[in-house]
Amino acid sequence: MGPVPDLTDRADACARRLCAADSVLLASHIDADGLTSAAIASTALARAAIPHEVVFKKQLDATEIASIAACEYETVLFTDFGSGQLDVIAEHERAGDFTPVIADHHQPADAETEFHLNPLLFGIDGASELSGAGASYVLARALAEVADSRTEATAAGITATDEIDADNRDLAALAVVGAVGDMQTTQGELTGANRGIVEEGVEAGVVNETTDITFYGKQTRPLPKLLEYASEVRIPGISNDQNGAISFLDGLSVDFTSDSGWRRWVDLSDDEKQVLVSELLQHALRKGVPADKAQQLVGTTYTLAAEQEGTELRDASEFSTLLNATARYERADVGLAVCLGDRNEALERARRLLDNHRRNLSEGLQQVKSRGVERGEYIQWFDAGEEIRETIVGIVAGMALGVEGVDPDRPIVAFARKNDEETKVSARGTGRLVGSGLDLSVVVGEASRALGGDGGGHDVAAGATIPAGREQEFIEKADDIVGAQLAE
Ligand code: C5P
Ligand code: C5P
Ligand code: ZN
């Protein structure tokens, strides 16, 4: 039985198909979830002694799928994408170009294929209960079992590697990073099918699930920055206020500095953490933060037990940002190497990319703040033009839902220039809006296709490519569809 019982049979079938292949082309998406998906799948294939090559794509469309077909692999494993383009993939399958195996969590297109592992086919939510890395992990667990029984059945020594009897549960750590990177948590906590993975990771000793301060940057940010930049709970006089954060810390009984400057959250003792949380909580309440909101200062957090404390890799959320900093800048190879264990050159390179990514996010958000957003009847939007890279405009859109001047409770659409002919669209919503009927994968899919583009994704987050110059029409269509969804 795998970590997600409902998916076990399908995962087995996919694993058997992969074990029957002479070699596999593994194709994955260029974000944290896609990288961890590829690392999980690649490790599992290697352990099962299945030769393979890994490629990354910014997005899967007919052209990219044709280029994959041209590689002439008989078996192609798609992770963290593939379902949304199932119609095109199935055509290639019928033409005998390749046999697809898909481990994904996106809304499937209207077509079918035999080796399709997707939580949505089994009533499990792909936006909050299982990520691409989670689907890949389910596959990896099945691969371990299938490969294991295969070697037992054949004479010893034929395809066995030393690691073949590893059960792949160590890969749960990367699956947690993927799910956290895809923002699948509810108030910090992984739920649904993700729970089975967390539990296996904890049992295997690679994942720690603890109750801790929820702020981003516990491992690496100096304390004033941890407080100043926290967006989880906004505290007047501290959030977005460097001097406020410093004077707050200076006013407490604990010395938060050391010889080398400000200490970080990880450097504090349990008692010191207690003091800081309780003082923060009191300060927040005094400043009028509602009690239920203030309590979100503390929640479930995930760390990777095998990683060194005080590094980005120790914290699932910081790890996922580090990965986004590589793959979204055409350096998926760097992120993959880090996932596969490189703690030298690749990690150093990833950290340099992270500095650049941080700067871009902060400048992008600043731009949205200063220019503001425009409003339709139901949605709000901004056009970043060339100022924000199309590969990160979705992250900025998500971060913007929560800054001053942007309605936190209204779907947001962002445009960024792709090239002379095409515009990238990213859309983000909230859990509450989804509860009221919002499904952005439908909104963005229908509106883009009506203009000759294409797109999809999840109910709460989706993206598309449309012809340049058609942005206003897209907004009108999207506004109508959102209006209809929320009226139902
Ligand atoms: O392609 P993929 O599924 O990996 O990407 C999911 C995207 O949706 C991520 O960019 C993630 O940040 C976003 N998302 C979000 N809010 C959620 C769930 C996902 O912005 N609640
Ligand atoms: O690119 P962005 O971060 O906005 O993507 C949000 C979600 O929409 C991701 O899950 C992504 O895989 C999906 N998407 C898609 N088709 C596109 C663009 C994005 O399915 N053309
Ligand atoms: Zn994903």
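None of the values given here were measured: they were computed from a predicted structure.

What counts as what
- Each residue is numbered by its place in its chain's sequence as written, counting from 1.
- Chain letters and ligand numbers both follow the written order, the letters beginning at A and the numbers at 1.
- Only residues with pLDDT of 70 or above have their local features reported here, since the model is predicted, and side-chain atom pairs are shown and tallied only from 80 upward, although totals for entire chains, interfaces and linings are computed over all residues.
- Only hydrogens and water are set aside when side-chain values are computed; all heavy atoms of the structure are taken into account.
- Think of it this way: one heavy atom of a residue within 4 Å of a molecule or strand is enough to make that residue near it.
- Polar contact is the term for a pair of N or O atoms within 3.5 Å; when the atoms are in protein, one must be able to donate a hydrogen and the other to accept it, and sequence-neighboring residues count only if both atoms are side-chain atoms.
- Using a 1.4 Å probe, accessible areas were evaluated by the Shrake-Rupley method; residue-level cover was limited to the displayed protein chains.
- Numbering of helices and strands runs from the N terminus, with a helix taken as a DSSP run of H or I at least four residues long and a strand as a DSSP run of E at least two residues long.
- When residue character is reported, Ala, Val, Leu, Ile, Met, Phe, Trp, Tyr, Cys and Pro are called nonpolar, Asp, Glu, Lys and Arg charged, and the others, Gly included, polar.
- Where a domain begins and ends is set by an automatic assignment or by a domain database.
- Only N, O and S atoms count as donors, using a 2.8 Å cut-off from the metal and 3.2 Å for Na, K and Ca, and because water is excluded some sites may appear unfinished.
- Donor angles set the geometry label: tetrahedral for four donors if every angle is between 85 and 135 degrees, square planar for four and octahedral for six if opposite donors exceed 155 degrees and the others are between 65 and 115, irregular for anything else.
- Here, a strand pair is defined by DSSP locating no fewer than two bridges between the strands.
- Each residue is assigned to one of three classes by its accessible area relative to the maximum for its type, calculated with a 1.4 Å probe on protein chains only: buried under 20%, partly exposed between the two thresholds, exposed over 50%.
- Contacts are assigned to residue pairs with any non-hydrogen atoms lying within 4.5 Å of each other.
- We define a salt bridge as a side-chain nitrogen of Lys or Arg found within 4 Å of a carboxyl oxygen belonging to Asp or Glu.
- The rule is short: rings of Phe, Tyr and Trp, with Trp giving its six-membered ring, pair when the centres are within 6.5 Å, and they are stacked under 30 degrees, edge-to-face over 60, tilted in between.
- Take the accessible area each of two parts loses on contact, using a 1.4 Å probe, and add the two losses: that sum is the buried area.
- Whether a crossover is right-handed depends on one test, that the path from the first strand over the helix to the second runs clockwise when the strands point away from the viewer.

Trainee: Teacher, can you tell me more about the site of ligand 2 here?
Mentor: His106, Lys424, Ser426, Arg428 and Gly463 are the nearest of the 15 residues found near ligand 2. Side-chain polar atom of His106 to an oxygen atom of ligand 2: 2.7 Å apart, as the coordinates give it. Within the side chain of Ser426, one N or O atom sits 2.5 Å away from an oxygen atom of ligand 2. Taking 450 Å² as the accessible area of ligand 2 by itself, protein coverage stands at 83%. Listing elements by their share of the shell around ligand 2, those giving two or more residues are β13 (422–428), β14 (454–457) and β15 (461–467). Counted by class, the shell around ligand 2 contains three nonpolar, nine polar and three charged residues. For the shell around ligand 2, the two domains that each supply at least three residues are domain 1 (5–186 + 195–203) and domain 3 (372–487).

Trainee: Can you help me understand the coordination of the zinc ion (ligand 3) in this one?
Mentor: Each donor-metal-donor angle would ideally measure 109.5 degrees in four-coordinate tetrahedral geometry, or 90 or 180 degrees in six-coordinate octahedral geometry. At this site the zinc ion (ligand 3) is bound by Asp33 (OD), Asp80 (OD), His105 (NE2) and Asp182 (OD), with donor distances of 2.0 to 2.3 Å. Each of the six donor atoms bound to the zinc ion (ligand 3) contributes to angles spanning 59 to 167°, and the resulting shape is irregular. Positions of the donor residues of the zinc ion (ligand 3), expressed as sequence spacing, correspond to D-x46-D-x24-H-x76-D. Of the two residues, Asp33 is situated in helix α2 (residues 32–47) and His105 in the loop between β4 (99–103) and β5 (116–117); the sequence distance between them amounts to 72 residues.

Trainee: How should I be thinking about the sheet that holds β14 in this particular structure?
Mentor: In sheet architecture, strand pairing relies on hydrogen bonds along the backbone and comes in two forms, parallel and antiparallel. Here six strands make up an open sheet; going across it, the order is β10-β11-β12-β13-β15-β14 and the pairing mixed. Looking at the sheet topology across the chains shown, the edges are occupied by β10 (374–375) and β14. Pairing analysis gives four bridges linking strand β11 (residues 380–383) to strand β12 (residues 412–417), with the strands arranged parallel. If you follow Gln380 over to β12, its bridge partner there is Ile412.

Trainee: Explain the site of ligand 1 here, please?
Mentor: Looking at ligand 1, there are 14 residues lining it, with Asp31, His105, His106, Asp182 and His458 nearest. In this structure, an oxygen atom belonging to ligand 1 sits 3.3 Å away from a side-chain N or O atom of His29. Asp182 is positioned with one of its side-chain polar atoms (N or O) 2.9 Å from an oxygen atom of ligand 1. Within the complex, 85% of the 480 Å² of free accessible area of ligand 1 lies under protein. Split by residue class, the shell around ligand 1 holds three nonpolar, five polar and six charged.

Trainee: Got a minute to help me understand the environment of Asn360 in this structure?
Mentor: With respect to the secondary-structure elements, Asn360 resides in helix α14 (residues 345–371). Residue Asn360 is classed as partly exposed on the basis of its relative accessible area of 23%. C-alpha of Asn360 to C-alpha of Arg195: the two residues are 165 residues apart in sequence and 33 Å apart in space. When residues no more than four places from it in sequence are discounted, the contact partners of Asn360 are Tyr329 and Ile392.

Trainee: Sorry if this is basic, but what is going on with the pattern of salt bridges here?
Mentor: A side chain with one charge may pair with a side chain of the opposite charge, provided their charged atoms come close. Per the counting criterion, the structure on display carries 25 salt bridges. Measuring nitrogen to oxygen at the nearest pair gives 3.0 Å for the salt bridge that ties Asp267 to Arg264. Asp420 is paired through a salt bridge with Arg417; the nearest N and O atoms lie 3.0 Å apart. Taking relative accessible area as the criterion, Asp420 reaches 58% and is therefore assigned exposed. Under the relative-accessibility criterion, Arg417 is labelled partly exposed at 37%.

Trainee: For this particular structure, what's the right way to read the packing of aromatic side chains?
Mentor: The description of an aromatic ring pair rests on the distance of the ring centres and on the angle between the ring planes. If you walk through the whole model with that rule in mind, you get two aromatic pairs. On the basis of an interplanar angle of 55° and a centroid distance of 6.1 Å, the ring pair of Phe78 and Phe98 is categorised as tilted. Taken together, the residues span a long stretch of sequence, with Phe78 in strand β3 (residues 75–79) and Phe98 in the loop between α4 (86–94) and β4 at a distance of 20 residues. Each of the two residues, Phe78 as well as Phe98, counts as buried. Each ring, one from Phe415 and one from Phe474, has its centre 6.0 Å from the other, and the planes form 80°; the classification is edge-to-face.

Trainee: For this particular structure, what's the right way to read the domain arrangement of the protein chain?
Mentor: Annotation of the protein chain at the domain level lists domain 1 (5–186 + 195–203), domain 2 (211–360) and domain 3 (372–487). On a C-alpha basis, the centres of domain 1 and domain 2 stand 32 Å from each other. Listed per partner, the contact involves 18 residues of domain 1 and 16 residues of domain 2. Taken over both partners, the interface formed by domain 1 and domain 2 buries close to 1,400 Å², and the fraction arising from carbon and sulfur atoms is 81%.

Trainee: In this structure, what is going on with the pairing of β4? I would like to understand it.
Mentor: Every other side chain in a regular strand lies on the same face of the sheet, so the side chains alternate between the two faces. Burial of β4 is extensive: five of the five residues sit out of reach of the surface. Looking at chain direction, β3 and β4 are connected through five bridges and run parallel. Bridged to Thr75 within β4 is Thr99. Crossover handedness for the path β3 to α4 to β4: right-handed.

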